[in-house]
Protein chains: 2
Amino acid sequence: MMTAERELTGDLLAVRVAELYYDDNKTQDEIGSLLGITRWKVGRLLAHARDAGIVRIEIVHPRARRLGLERRLCERFGLTNAIVVPAASDDELGATVSRAAADYLTALRPVPRSLGISWGRTLQDVVGALAPGWATGVTVTQINGGVTLNRRAGTAATTAVTMADKGAGRAVLLPSPAILERPETKRAIESDRTVAEVLRLAEGSSVFLYSAGVADESSVLVESGYLSADDVTELARRGAVGDVVGRFINANGNVVDPSLDERTLGLGHHVLRSADTAIFVVAGAAKHDIARAVVASGLCTVIVTDEETALELLEG
Amino acid sequence: MMTAERELTGDLLAVRVAELYYDDNKTQDEIGSLLGITRWKVGRLLAHARDAGIVRIEIVHPRARRLGLERRLCERFGLTNAIVVPAASDDELGATVSRAAADYLTALRPVPRSLGISWGRTLQDVVGALAPGWATGVTVTQINGGVTLNRRAGTAATTAVTMADKGAGRAVLLPSPAILERPETKRAIESDRTVAEVLRLAEGSSVFLYSAGVADESSVLVESGYLSADDVTELARRGAVGDVVGRFINANGNVVDPSLDERTLGLGHHVLRSADTAIFVVAGAAKHDIARAVVASGLCTVIVTDEETALELLEG
DNA sequence: GCCGCGCGTGCGCATATGAGCAAACCGCCG
DNA sequence: CGGCGGTTTGCTCATATGCGCACGCGCGGC
């Protein structure tokens, strides 16, 4: 290439420098003498080029994370941790986030001894991505009901059991429907020794792991027959953005329908709010609202999500 | 973030390292102790990540160049220099490349004292992008005919004159049509003192600058009335991919129709082939074929083009 | 079972790089 | 014309980084 260059205005020089440095990997010194400027100026131009976005450094890998977003999420919502993965194609998204959640769980120290989990599509994916041996002797406890009435009967149970299995431990199932017809029934079941015991155990878990559902007719609670489509529409009308462990909340994180909540069996949100480690896994545009409600109301201490959701959460 | 991590296979660790280094800009040392590996390994992982393409460093700027492609073009075609600019939107493309050509001309050392140029849309753009004072006392000479018959009469002349003007020098115009009807006429004009003088001057230029046209009905030679659409179609049928200073060549760089060439007035290709500096400016997918013919047959020593054309040239 | 070979690893050292600071420079106003 | 804040520049020095070498470990041939 030529030697001396004519005076270049603004970013142009920075571009030239950046090209020589990154594309051609010359040293700052070489570039300096080549362009007739001091190497310090070269360094400064490089710095400028980087934070003016002229030079973009991107990490392209399906398992890559977005550390900047993670940091901002932690600060903004007072989380202890956040895992943000790049937005993949829409159908890959859930898988990517689930894998990230599995990775996080695996890397979690101290290794959880007791883990309270919800159930659902997302959780099932997380378990699928979990490698055998992720823990040793873990007790996996269900934190909300739903064992029997589920149409795809047993998925909830399978999730917990597989998870315990891969962690060389045992699963404790909550033998109860998620939502009862009458409050009295709910209270009755709740006070049954077997159930009470499980709930007590669940409450004492050192780590919680859960996802959330959206408040529309696609909700698993509708699909499972616990609620009718109309019920959910009505809930949405009253401000519900989604459900966490079976309980519907509005944008502020408050339970929308106390009378429904009275009939919902499982850990209350106060337990999650006061937990040391509550890991919330969420992916996809449909869940932006419920995700916001969860993090904003302190229902989790850790969020695992995708880039787009993270961005959405930070704009508000 | 957590401390110790579980053993990670393959690129995963590299990704982690790259994130911490580039996103979080920690030092390699810090990353080392954080992940429980030596800083040298961190360095090596970083190197791996870079050349495995996990880390992509991109320079985003309209005036940025593609140095890698430039180097490969030089090697592949034995050029002394190549300028490749990022492919912008299609309508911006010509402007970007022209600006790059202007920049190149400006930075060229030694400053050209005599410059032979062709004319056309591209050349006009180059001149437009040229800053006043780009040279001092330059002599700009036209190397092919076309002064008078041009429908947009005068553009060819304007190009040369403006260029000379901005370079504080003088323009020498070739007062002749590009293509004559009969060979004898061409020879007669050629031997006219005025014309012969200009051609001699043109031939002695230290630097040449030209573009090329495609062999279809959009050719400037058709537009200018020198050729009919049928003529060009016939030329194309006989293998012509485009024209350089009015002379049509095939993929091998050879003149397609000697009898037409006999009637074409202007510098012969042998002059360009033996020139020290022949700068070829070309942009856009339509000109890929002619561009290939030019560089492959040694018609230029320097090419100024866009990324896509460069890539296309290198695949073959 | 033994030896050699090659890859991956730790490390010393030369060198490249970034932080911080004082001098110089510039545009602005009195 | 001269003083003055703010910005830019060159520089020193501590530190981060890359290169080359020697060592060790594991695998395959004999």
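What you see is a predicted model, and the numbers here were worked out from it, not measured in a lab.

Draft legend 1. Up close: the protein's contact with DNA strand D. The environment of DNA strand D is formed by Thr38, Trp40 and Lys41 of chain A together with Thr27, Gln28, Asp29, Trp40, Gly43 and Leu46 of chain B. Counting only elements with at least two residues in the surface near DNA strand D, the list comes to α3 (39-51) of chain A together with α2 (28-35) and α3 (39-51) of chain B. Ranked by residues supplied to the surface near DNA strand D, first place goes to α3 of chain B with three residues. Considered class by class, the residues forming the surface near DNA strand D number three nonpolar, four polar and two charged.

Draft legend 2. Structural view of the relation of the copies chain B and chain A. Between the two copies, chain B and chain A, the superposition gives an RMSD of 0.2 Å; the rotation angle is 179° and the shift along the axis is 0.1 Å. Taken together, the rotation angle and the small translation identify this as a two-fold axis. Distance from the rotation axis, computed per C-alpha, reaches its smallest value in chain B at isoleucine 57 of chain B: 2.3 Å. Interface overlap between copies is the fraction of interface residues in one copy that are interface residues in the other; for chain B against chain A it reaches 100%, indicating a shared surface.

Draft legend 3. Structural detail: the interface of chain B and chain A. With 31 residues of chain B at the interface, the matching set in chain A holds 31 residues. Where the side of chain B that touches chain A is concerned, the elements lending two or more residues are α1 (11-23), β1 (55-59), α4 (67-77) and α5 (90-107) of chain B. With seven residues, α1 of chain B is the largest single contributor of residues to the side of chain B that touches chain A. Classifying every residue of the side of chain B that touches chain A gives 15 nonpolar, five polar and 11 charged.

Draft legend 4. Highlighting the pairing of strand β6 (residues 207-210) of chain A. All names here are of chain A. The alternating pattern of β6 places Val207 and Leu209 on one face and Phe208 and Tyr210 on the opposite face, and all of these are buried. Relative to β6, strand β3 (residues 114-117) runs parallel, the two sharing three bridges. When the sheet's bridge partners are listed, leucine 115 is paired in β6 with valine 207.

Draft legend 5. The protein's contact with DNA strand C, seen in detail. Within the structure, DNA strand C sits among Thr27, Gln28, Asp29, Gly43 and Leu46 of chain A together with Thr38, Trp40 and Lys41 of chain B. Breaking the surface near DNA strand C down by element, the ones donating at least two residues are α2 (28-35) and α3 of chain A together with α3 of chain B. Partitioning the surface near DNA strand C into residue classes produces two nonpolar, four polar and two charged.

Draft legend 6. Summary view of the sheet that holds strand β3 (residues 114-117) of chain B. Residue and element names in this part refer to chain B. The strand order across the open sheet formed by seven strands is β2-β11-β10-β6-β3-β4-β5, and the pairing between neighbours is parallel. Pairing within the sheet leaves two strands with one partner each, and these edge strands are β2 (81-85) and β5 (170-172). Across the sheet, the mean angle from the axis of one strand to that of its neighbour is 20°, orientation sign disregarded. As paired elements, strand β10 (residues 277-281) and strand β11 (residues 302-306) share three bridges and run parallel to each other. Within β11, the residue paired with valine 281 across the bridge is valine 304. Sheet strands touched by helix α15 (residues 307-314): β2 and β11. Its angle to β11, the strand with the most contacts, is close to 115°.

Draft legend 7. Quick peek at unusual backbone geometry. Residue and element names in this part refer to chain A. The phi dihedral of alanine 168 falls on the positive side, at around 50°, and the residue is not glycine. Mapped onto the elements of the fold, alanine 168 is located in the loop between α7 (155-166) and β5 (170-172). What makes alanine 168 partly exposed here is the crowd of 13 C-beta atoms within 10 Å. Not every positive phi belongs to a glycine, and valine 245 is a case in point at roughly 40°. Of note, valine 245 is situated in the loop between β8 (240-244) and β9 (247-250). Exposure remark for valine 245: the 29 C-beta atoms within 10 Å place this residue in the buried category.

Draft legend 8. Geometry of α5 of chain B. All names here are of chain B. With 18 residues, α5 should cover 26 Å at 1.5 Å per step; its first-to-last C-alpha distance of 26 Å lies within 8% of that length. All of the buried residues in α5 are Leu93, Gly94, Thr96, Val97, Ser98, Arg99, Ala100, Ala101, Ala102, Asp103, Tyr104 and Leu105. Looking at the buried residues of α5, the elements they touch are β2, α6 (121-129), β6 (207-210), β10 and β11.

Draft legend 9. View of the pairing of β2 of chain B. All names here are of chain B. Most of β2 is tucked away: four of the five residues are buried. Relative to β11, β2 runs parallel, the two being bridged by five bridges. Within β11, the position partnered with alanine 82 by the bridge is isoleucine 303.

Rules of the game
Residues numbered from 1 in each chain as written. Chains lettered and ligands numbered in written order. Predicted model: local features only at pLDDT ≥ 70, side-chain atom pairs only at ≥ 80, totals over all residues. Near = placed C-beta within 6 Å. Helix = DSSP H or I, 4+ residues; strand = E, 2+ residues; numbered from the N terminus. Nonpolar A, V, L, I, M, F, W, Y, C, P; charged D, E, K, R; others polar. Least-squares fit on C-alpha atoms with pLDDT ≥ 70 in both. Contact = placed C-beta atoms within 7 Å. Buried ≥ 20, exposed ≤ 12 C-beta atoms within 10 Å, placed from the backbone. Pairing = 2+ DSSP bridges. Axes fitted to C-alpha atoms, helices over the stretch in contact; angles between N-to-C directions. Expected span 1.5 Å × (residues − 1).

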